[in-house]
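# Coordinate inspection notes
The lines below spell out each chain.
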Number of protein chains: 2
Amino acid sequence: MPAKKNGNSTTVGLVQMTCDQKPESNLKKAIDGISDAAKRGAKIVCLQELFRSQYFCQTEDIELFKLAETIPGPSTDAVGKIAKQKKVVVIASLFEKRAAGVYHNTAVIIDATGKVAGKYRKMHIPDDPLYYEKFYFTPGDLGFQTHVTTHGKVGALVCWDQWFPEAARLTALQGAQFLFYPTAIGWLPDEEQSMNEAQHSAWETIQRAHAIANGVYVAVVNRVGKEGKLTFWGQSFVADPFGRIIARASADREEVLVVDCDLSKIDETRQNWPFLRDRRIDAYDGLRLRYGE
Amino acid sequence: MPAKKNGNSTTVGLVQMTCDQKPESNLKKAIDGISDAAKRGAKIVCLQELFRSQYFCQTEDIELFKLAETIPGPSTDAVGKIAKQKKVVVIASLFEKRAAGVYHNTAVIIDATGKVAGKYRKMHIPDDPLYYEKFYFTPGDLGFQTHVTTHGKVGALVCWDQWFPEAARLTALQGAQFLFYPTAIGWLPDEEQSMNEAQHSAWETIQRAHAIANGVYVAVVNRVGKEGKLTFWGQSFVADPFGRIIARASADREEVLVVDCDLSKIDETRQNWPFLRDRRIDAYDGLRLRYGE
């Protein structure tokens, strides 16, 4: 049954899934998820980070560059086809081969026409034990953008970006109603339960804060399941412009969340707490410094 | 009994109080709070926003400019005396008269010597029903700063600043170990309980996020009690650099929180999740724009 809607709302779909070692089967699962979300009323569907493969950045292996593809390419063709068929916008996170030796972690915004509406190349690249992304991904050079689609103004950011208030702010200032974060974050082996909970809480908290600071919807789609040493923590969620979690998926199961987002809440929140009115743009030069001391 | 400390920690004190209509009695209560915090081991004590008076910005009344004072002035003299006596740093939020017609909402950092170590003039000024601050306060012109004191590197921000990730970031980039927020925030009359809870949650969440994004301690000192139409929600708190609330005061009582802060957690947090390493300072120019569209 389609989600209940009011007059000024947009329904989003979040496809949280496990991935196996066969890209074709992951792609098929993602397409099934898009279909399911669309059937239940979603108009904008977001897939998790690098949904077409397992999270390969747990090791630095030159062979794994073979997973990359061009944009447009086979995955955007396949996703574009279902997007057009179901008349939905899709945010698809892909391993992009731009040129020999130039690869990106890219979120493609595919419009409900099936055409590529734009792309965002992950700007903040992590490099931590089991997240060796600086080996694979050239930092993005397209900046922070909002994409105007058939079903709304969409900002896409990717995983590590979620820790940077600058990224959320810059994207929201371009007019985004929604910030979508495809992510792949999980727990390391042998970490204490209390640390696991603290990490998850910090992750959810800072993204709720992006919703609050900017008066936008934040939708986060995280991978689930165990791959190699990482147990991805799922718990994809949508926060409203006041930072309230209005839907959250489980920590251990595949799930397609379909969530109605009342767009009037953007106006309402920003009128009541008008932060964008009061930014001190005359005093923010120092944000372009690495460190001020 | 002094709070338990490890080798590399600093104990902070937060004085959450009600205010009556007599500035002298509020000042006395604040000084008693500083003494109490010092006796229990605090080395840096923060008072709530405009602690010397009731929160007068509920109305626009020219008579109320009489509450303002110079800095240095009688309040910094009185607070300086107790700071020197107890060898504690104090963050004191005052209504500053800078010149005829130029008033600020100013946090003064008084060192353990009793001398003024620096001041911060509130940069982001609200103006909402019952918070008519733009009438009283000229926006600050000292920028975002960290003050090196006898007991640590202290950043002070004030109330409405708490909604702006830019303010926290800029202050942390100056080397702050602690961000102190003197605040005066409360619930409006006749608001629904669910809205009250959502407001408090948003307030706490975004300040926890400043701790997370910057790997610093965040200490928030909020007013408590009913004044005019506002019921201040208290719940002063300290968040560690991972955004965990390590102490929280009640919603309806005066309280002096004394909290030990392990400074090694700043290094530890920033090593594990090195956000400051990965900021894209080449791509943040747009933060100086009002709106990007």
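Residues numbered from 1 in each chain as written. Chains lettered and ligands numbered in written order. Predicted model: local features only at pLDDT ≥ 70, side-chain atom pairs only at ≥ 80, totals over all residues. Heavy atoms only, no water.

What follows concerns the overall build of chain A. Helix and strand counts for chain A stand at seven helices and 15 strands. Here the C-alpha atoms of chain A give a radius of gyration of 18 Å, agreeing with the 19 Å that 2.2 N^0.38 yields for 293 residues. Classification of the 293 residues of chain A by burial places 61% in the buried group. Long-range pairs, those at least 24 residues apart, make up 68% of the contacts in chain A between residues at least 6 apart in sequence. Working note: accessible area of chain A is about 10,800 Å², and carbon and sulfur atoms make up 51% of it. A distance of 7 Å separates the average location of the 37 positive side-chain charges in chain A from that of its 36 negative side-chain charges. (Helix = DSSP H or I, 4+ residues; strand = E, 2+ residues; numbered from the N terminus. Rg over C-alpha atoms; globule rule 2.2 N^0.38 Å. Buried < 20%, exposed > 50% of the residue type's maximum accessible area, 1.4 Å probe, protein only. Contact = heavy atoms within 4.5 Å. Areas by Shrake-Rupley, 256 points an atom, 1.4 Å probe, with all protein chains shown as cover. Lys, Arg positive; Asp, Glu negative; His and termini not counted. Charge placed at Lys NZ, Arg CZ, Asp CG, Glu CD.)

Residues and elements named next belong to chain B. Viewed as axis vectors pointing N to C, helix α1 (residues 23-39) and helix α2 (residues 74-86) meet at an angle of 15 degrees, and their least axial separation amounts to 10 Å. By the angle class used here, α1 and α2 are roughly parallel. Regarding α1 and α2, the two cross each other, and that crossing is right-handed. Here Leu 27, Ile 31, Ile 34, Ser 35 and Ala 38 of α1 lie close against α2, whose contacting residues are Ala 78, Val 79, Ile 82 and Lys 86. (Axes fitted to C-alpha atoms, helices over the stretch in contact; angles between N-to-C directions. Parallel < 35°, antiparallel > 145°, perpendicular 65-115°, else oblique. Left-handed = near helix turned anticlockwise from the far one by under 90°.)

Counting residues at the interface gives 57 residues for chain A, matched by 57 residues for chain B. For the pair chain A and chain B, the number of links is eight salt bridges. Lys 134 of chain B is the partner of Asp 278 of chain A in a salt bridge, and the nearest nitrogen-oxygen pair spans 2.8 Å. The tally of links from chain A across to chain B stands at 30 residue pairs in polar contact (both at pLDDT 80 or more). If you list the elements that add at least two residues to the side of chain A that touches chain B, you get α4 (165-173), α5 (193-214), α6 (264-272) and α7 (275-278) of chain A. The element that contributes the greatest number of residues to the side of chain A that touches chain B is α5 of chain A, accounting for eleven residues. Looking at the side of chain A that touches chain B residue by residue, the classes come out as 30 nonpolar, ten polar and 17 charged. (Salt bridge = Lys/Arg side-chain N within 4 Å of Asp/Glu carboxyl O. Polar contact = N/O pair within 3.5 Å; in protein donor to acceptor, adjacent residues only side chain to side chain. Nonpolar A, V, L, I, M, F, W, Y, C, P; charged D, E, K, R; others polar.)

A separate point is the confidence of the model for chain A. Here chain A averages 96 in pLDDT, and 98% of its residues register 70 or above. Note on the complex model: pTM 0.97, ipTM 0.96. (pLDDT = per-residue confidence, 0-100.)

As a further point, take the sheet that holds strand β9 (residues 186-187) of chain A. Residues and elements named next belong to chain A. With antiparallel pairing, the three strands of this open sheet are ordered in space as β9-β12-β11. The sheet is open, and its two borders are formed by β9 and β11 (224-227), each paired with just one other strand. Taken together, the four bridges between β11 and strand β12 (residues 230-233) define a ladder with antiparallel strand orientation. Bridging from a neighbouring strand, Val 224 pairs with Trp 233 of β12. (Pairing = 2+ DSSP bridges.)

With that settled, consider the sheet that holds strand β10 (residues 217-222) of chain B. Residues and elements named next belong to chain B. Taken in spatial order, the six strands line up as β6-β7-β8-β10-β13-β14 in an open sheet, and their pairing is mixed. Both outer strands of the open sheet, β6 (146-149) and β14 (245-248), are each paired with one neighbouring strand and no more. For this sheet, the mean angle separating the axes of adjacent strands, direction not counted, is 20 degrees. Against the sheet, helix α5 (residues 193-214) engages β8 (178-183), β10, β13 (237-239) and β14, with an angle of about 150 degrees to β10.

Let us now look at the relation of the copies chain A and chain B. Turning chain A through 180 degrees and shifting it by 0.0 Å along the axis lays it on chain B, with an RMSD of 0.0 Å. The superposition of one copy onto the other is thereby described by a two-fold rotation axis. With an isologous cut-off of 70% or more, the 100% of interface residues of chain A that recur at the interface of chain B puts this contact in the isologous class. (Least-squares fit on C-alpha atoms with pLDDT ≥ 70 in both.)

Within this structure, the stated rule accounts for zero disulfides over all chains. Of the cysteine sulfurs around Cys 19 of chain A, a residue in no disulfide, the closest is that of Cys 57 of chain A, at 12 Å. A relative accessible area of 8% places Cys 19 of chain A in the buried class. Cysteine Cys 261 of chain B remains unbridged, with the sulfur of Cys 46 of chain B as its closest cysteine sulfur at 12 Å. (Disulfide = S-S within 2.5 Å.)

The sheet contact formed by β13 of chain B and β14 of chain B spans three bridges and is antiparallel. Bridging from a neighbouring strand, Ala 239 of chain B pairs with Ile 245 of chain B of β14 of chain B.

Residues and elements named next belong to chain A. Taken as a whole, this structure holds 54 aromatic pairs over all chains when the rule is applied. Between the aromatic rings of Phe 65 and Phe 135, the centroid separation amounts to 5.6 Å while the plane-to-plane angle is 45 degrees, which identifies the pairing as tilted. One end of the pair, Phe 65, is in the loop between β2 (44-47) and α2 (74-86); the other, Phe 135, is in helix α3 (residues 133-136), and 70 residues separate them in sequence. Using a relative accessible area of 30% as the deciding quantity, one classes Phe 135 as partly exposed. Following the ring pairs from residue to residue traces out a cluster consisting of Phe 56, Phe 65, Phe 95, Tyr 103, Phe 135, Tyr 136 and Phe 137. Against the face of Phe 232 rests Arg 223, its NZ or CZ located 5.6 Å from the ring centre. (Phe/Tyr/Trp six-rings, centres within 6.5 Å; stacked < 30°, edge-to-face > 60°. Lys NZ or Arg CZ within 6 Å of the ring centre and 35° of its normal.)

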